[in-house]
Amino acid sequence: MSELKVVVVQCGNEEYALPVDSVISIEKLEKINPIPHLPEYMLGLMKTRGELVPILDFERILYGRSAEKNDEVRIVVVQTGSLLIGLLVLDAKEILDIPESAMTSTGLLAYSKTPYFTTVANLENRMITIVDPEILSRTLAGMDAIGEYIETRTMEEV
């Protein structure tokens, strides 16, 4: 039986998971350089391990409120197609192996506002929603412009 290895993060009172093979690092929130005219969920750019990483407030994407003011927040840096993105979350809690038998997508398919929710892990005493960072980065408004902006900045530094 196969398992999915994930990093469990917290937003609001809920738990979400990102596949561990897409997670590059988990960082403390450092200085974010704001960029004008960005979507509200985009906090700006943070330099992480020599890379410019756009920081997305995952709490704002999901619930319309910011997690930025919390001292315990973490940035989960994930690799998407051609771009690293940082997801600001309330907490990065643990790495977990979720058995395939515990995963279901019933109910998620009908909800088109969150296509990046791919499945739900129904565990004994908790439910964890699995997030696909690639789909998240493709479906959020403004992400293409951010990719172009970072590419421009990276070219200038070279």
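Before reading further, recall that the structure is shown in the block above.
Residues numbered from 1 in each chain as written. Predicted model: local features only at pLDDT ≥ 70, side-chain atom pairs only at ≥ 80, totals over all residues. Heavy atoms only, no water.

## Focus: the side chain of aspartate 57
Quick reminder of the rule: A run of H or I in DSSP becomes a helix once it reaches four residues, and a run of E becomes a strand once it reaches two; helices and strands are each numbered from the N terminus. Buried, partly exposed and exposed residues are distinguished by accessible area as a fraction of the type maximum, computed with a 1.4 Å probe on protein chains only: under 20%, between the cut-offs, and over 50%, respectively. The convention is simple: Lys and Arg are positive, Asp and Glu are negative, and His and the chain ends are not counted. Any carboxyl oxygen of Asp or Glu that lies within 4 Å of a side-chain nitrogen of Lys or Arg is treated as forming a salt bridge with it. Polar contact is defined as a pair of N or O atoms within 3.5 Å, subject to the rule that within protein one atom must be able to donate a hydrogen and the other to accept it, and that residues adjacent in sequence are counted only when both atoms are side-chain atoms. Note on definitions: a residue-residue contact is assigned when non-hydrogen atoms from the two residues lie within 4.5 Å.
Within the secondary structure layout, aspartate 57 lies in strand S5 (residues 51-57). An unpaired buried charge is present at aspartate 57: no salt bridge exists, and arginine 60, the closest side chain of opposite charge, is 4.5 Å distant. At 2.6 Å, the side chain of aspartate 57 forms a polar contact with the side chain of serine 66. Those residues in contact with aspartate 57 that sit more than four places away from it in its chain are Tyr41, Leu43, Arg65, Ser66, Ala67, Glu68 and Leu88.

## Quick notes on the sheet that holds strand S3 (residues 23-28)
How we decide: By the convention used here, strands pair only if DSSP detects at least 2 bridges between them. The axes used here are C-alpha line fits, helices contributing only the stretch in contact, and every angle between their N-to-C directions lies in the interval 0 to 180 degrees.
With mixed pairing, the 5 strands of this open sheet are ordered in space as S3-S6-S7-S5-S4. If you trace the sheet from one side to the other, it starts and ends with S3 and strand S4 (42-48), each paired once. Averaged over all pairs of adjacent strands, the angle between strand axes in this sheet comes to 30 degrees, irrespective of strand direction. Relative to strand S7 (residues 84-89), strand S6 (residues 74-79) runs antiparallel, the two sharing 6 bridges. Its bridge partner lying in S7, valine 76 is registered against leucine 87.

## Points about the sheet that holds strand S1 (residues 3-11)
Strand order in the open sheet formed by 6 strands is S8-S1-S2-S11-S10-S9, and the pairing between neighbours is mixed. Each of the sheet's edge strands pairs with one partner strand only, and the pair in question is strand S8 (91-99) and strand S9 (103-104).

## A look at the environment of isoleucine 24
Secondary-structure assignment places isoleucine 24 in strand S3. For the pair isoleucine 24 and valine 78, spaced 54 residues apart in sequence, the C-alpha separation works out to 5.3 Å. Once residues within four sequence positions are removed from consideration, isoleucine 24 is found in contact with Val77, Val78, Gln79 and Leu84.

## Some thoughts on the packing of aromatic side chains
Put simply, the test is: Between rings of Phe, Tyr and Trp, where Trp is taken as its six-membered ring, a pair exists when centres lie within 6.5 Å; planes separated by under 30 degrees are stacked, by over 60 edge-to-face, and by other angles tilted.
Taken as a whole and judged by the stated rule, the model has 3 aromatic pairs. Between tyrosine 116 and phenylalanine 117, the ring centres sit 5.2 Å apart and the planes meet at 85 degrees, which makes this aromatic pair edge-to-face. The pair formed by tyrosine 116 and phenylalanine 117 is uniform in burial state, with each residue classed as buried. In this structure an aromatic cluster arises from ring pairing among Tyr16, Phe58, Tyr116 and Phe117.

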